[in-house]
Amino acid sequence: MVIRIFAGVFTCALLTFTGHPLSHASDSAELGFQLSRQLCSRCHVIGEFNRMGGIGNSPSFTWMVKSDDWRERFLTFYSRRPHPVFTRVPGYALWSDVEPYYPPFQITLDEIDLIVAYVETLRDTQ
Ligand code: HEC
């Protein structure tokens, strides 16, 4: 009984703290969406958000997520062309010293995990 009440209070506190009843997974996906919008949507179509956007030679996130190794590709995108020219990951050596043709941005491995959580949600929508 005491445990039940405690669990109830704890859950309420948790929901109050996080602000909404979303699970941790969808929080990550939401943050991943924000990051994708900020950093990737200029070139990539990242979902409904910019269905007609992106640049022609960049594959859309919704298309890439269909491949079996999409997770691997996203986790290592910064070492795959053309990203090494404009993407910096702290703690990693610069992959390329070519003059960036696109404003360079920095991204951490944790942030890449969030993007992967977002991309995962695209698997079911198309
Ligand atoms: C300046 C434009 C540009 C930006 C910004 C950009 N990309 Fe890309 N990306 C490309 C292009 C172009 C390709 C296609 C490369 C090819 O086919 O050789 C690509 C390919 C990819 C691929 C597939 C790579 C492979 O080899 O399979 C992934 C995954 C990817 N991008 C993820 C991202 C993520 C995540 C972001 C944001 C954090 C991002 N990209 C930002 C231009 C961009």
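The shown structure was predicted, so the numbers you read here are calculated from the model rather than taken from an experiment.

### A look at the overall build of the protein chain
1) Next: Along the protein chain, the regular secondary structure elements total five helices and two strands.
2) Next: The secondary structure elements of the protein chain, listed N-terminal to C-terminal, are α-α-α-α-β-β-α.
3) Next: Relative to its full complement of 126 residues, the protein chain shows a buried share of 17%.
4) Next: Within the protein chain, residue pairs in contact and separated by at least 24 positions form 40% of the contacts whose partners lie at least 6 positions apart.

### Notes on the nonpolar core
1) Next: Of all hydrophobic cores here, the largest spans 14 residues; its most connected members are Phe61, Ile115, Tyr118 and Val119.
2) Next: Elements represented by at least two residues in this core include exactly helix H2 (24-39) and helix H5 (109-122).
3) Next: Sort the elements by how many residues they give to this core and H5 lands first, with six residues.

### Section: H5
1) Next: Spanning 14 residues, H5 covers 20 Å between terminal C-alpha atoms, matching the ideal 20 Å at 1.5 Å per step.
2) Next: Structurally, H5 contributes buried residues whose contacts are with H2, helix H3 (61-64) and helix H4 (70-75).

### Side note on the site of the ligand
1) Next: Taken together, 19 residues lie near the ligand, and Cys40, Cys43, Phe77, Arg80 and Tyr102 sit nearest.
2) Next: In terms of residue class, the shell around the ligand is built from 11 nonpolar, four polar and four charged.

### Focus: the confidence of the model for the protein chain
1) Next: Averaged over the protein chain, the pLDDT score is 82; the fraction of residues at 70 or greater is 78%.
2) Next: The least confident element of the protein chain is helix H1 (residues 2-18), whose mean pLDDT is 47; the most confident is H4, at 98.
3) Next: For the stretch residues 8-21, pLDDT sits under 50, and the model shows one contact to residues farther than four places along the chain or on other chains.

### As for the environment of aspartate 124
1) Next: Mapped onto the elements, aspartate 124 comes out in the segment after H5.
2) Next: For the pair formed by aspartate 124 and lysine 66, sequence separation is 58 residues and the distance between their alpha carbons is 9.8 Å.

### A closer look at H2
1) Next: Given a rise of 1.5 Å per residue, 16 residues ought to cover 22 Å, and the 22 Å separating the end C-alpha atoms of H2 matches this to within 8%.
2) Next: Of all the residues in H2, the buried ones are Ser28, Ala29, Gly32, Phe33 and Ser36. In an axial view of H2, the angular spread of the buried residues amounts to 145°, which keeps them on one side of the axis. Of the exposed residues in H2, those oriented more than 90 degrees away from the buried face are His24 and Gln38.
3) Next: In this structure, the buried residues of H2 make contact with H5.

### Quick word on the packing of H2 against H5
1) Next: Contact pair H2 / H5: the axes reach a minimum separation of 7 Å and the direction vectors enclose 105°. On the basis of the axis angle, H2 is roughly perpendicular to H5. Taken together, the residues of H5 that come into contact with H2 (itself represented by Ala25, Ser28, Ala29, Leu31, Gly32, Phe33, Leu35 and Ser36) are Glu111, Leu114, Ile115, Val116, Ala117, Tyr118 and Thr121.
2) Next: Class assignment for the residues of the contact of H2 with H5 results in 10 nonpolar, four polar and one charged.

Conventions adopted
- Residue numbers here run from 1 along each chain, matching the order of that chain's written sequence.
- In keeping with the model being predicted, local features are shown solely for residues with a pLDDT of at least 70 and side-chain atom pairs are shown and tallied solely at 80 or more, while totals for entire chains, interfaces and linings include all residues.
- Numbering of helices and strands runs from the N terminus, with a helix taken as a DSSP run of H or I at least four residues long and a strand as a DSSP run of E at least two residues long.
- Exposure in this text rests on C-beta crowding, where 20 or more other C-beta atoms within 10 Å of a residue's own make it buried, 12 or fewer make it exposed, and counts in between make it partly exposed. The C-beta atoms are placed from the backbone.
- Contact between two residues is assigned whenever their backbone-derived C-beta positions fall within 7 Å.
- Note on definitions: a nonpolar core is a set of buried residues drawn from Ala, Val, Leu, Ile, Met, Phe, Trp, Tyr and Cys, linked by C-beta atoms within 7 Å.
- Given a helix with a known number of residues, its expected span is that number minus one, times 1.5 Å.
- Any residue whose C-beta atom, as placed from the backbone, lies within 6 Å of a molecule or strand is termed near it.
- Only Asp, Glu, Lys and Arg are considered charged, only Ala, Val, Leu, Ile, Met, Phe, Trp, Tyr, Cys and Pro nonpolar, and every remaining residue, Gly among them, polar.
- Per residue, pLDDT measures the predictor's confidence, with a range of 0 to 100.
- The directions from the helix axis to the C-beta atoms are what the arc is built from.
- Axis lines are fitted through C-alpha atoms, for helices just across the contact stretch, and the angle between N-to-C directions can take any value from 0 to 180 degrees.
- Should an angle lie under 35 degrees it is considered roughly parallel, over 145 roughly antiparallel, and from 65 to 115 roughly perpendicular; all remaining angles are considered oblique.

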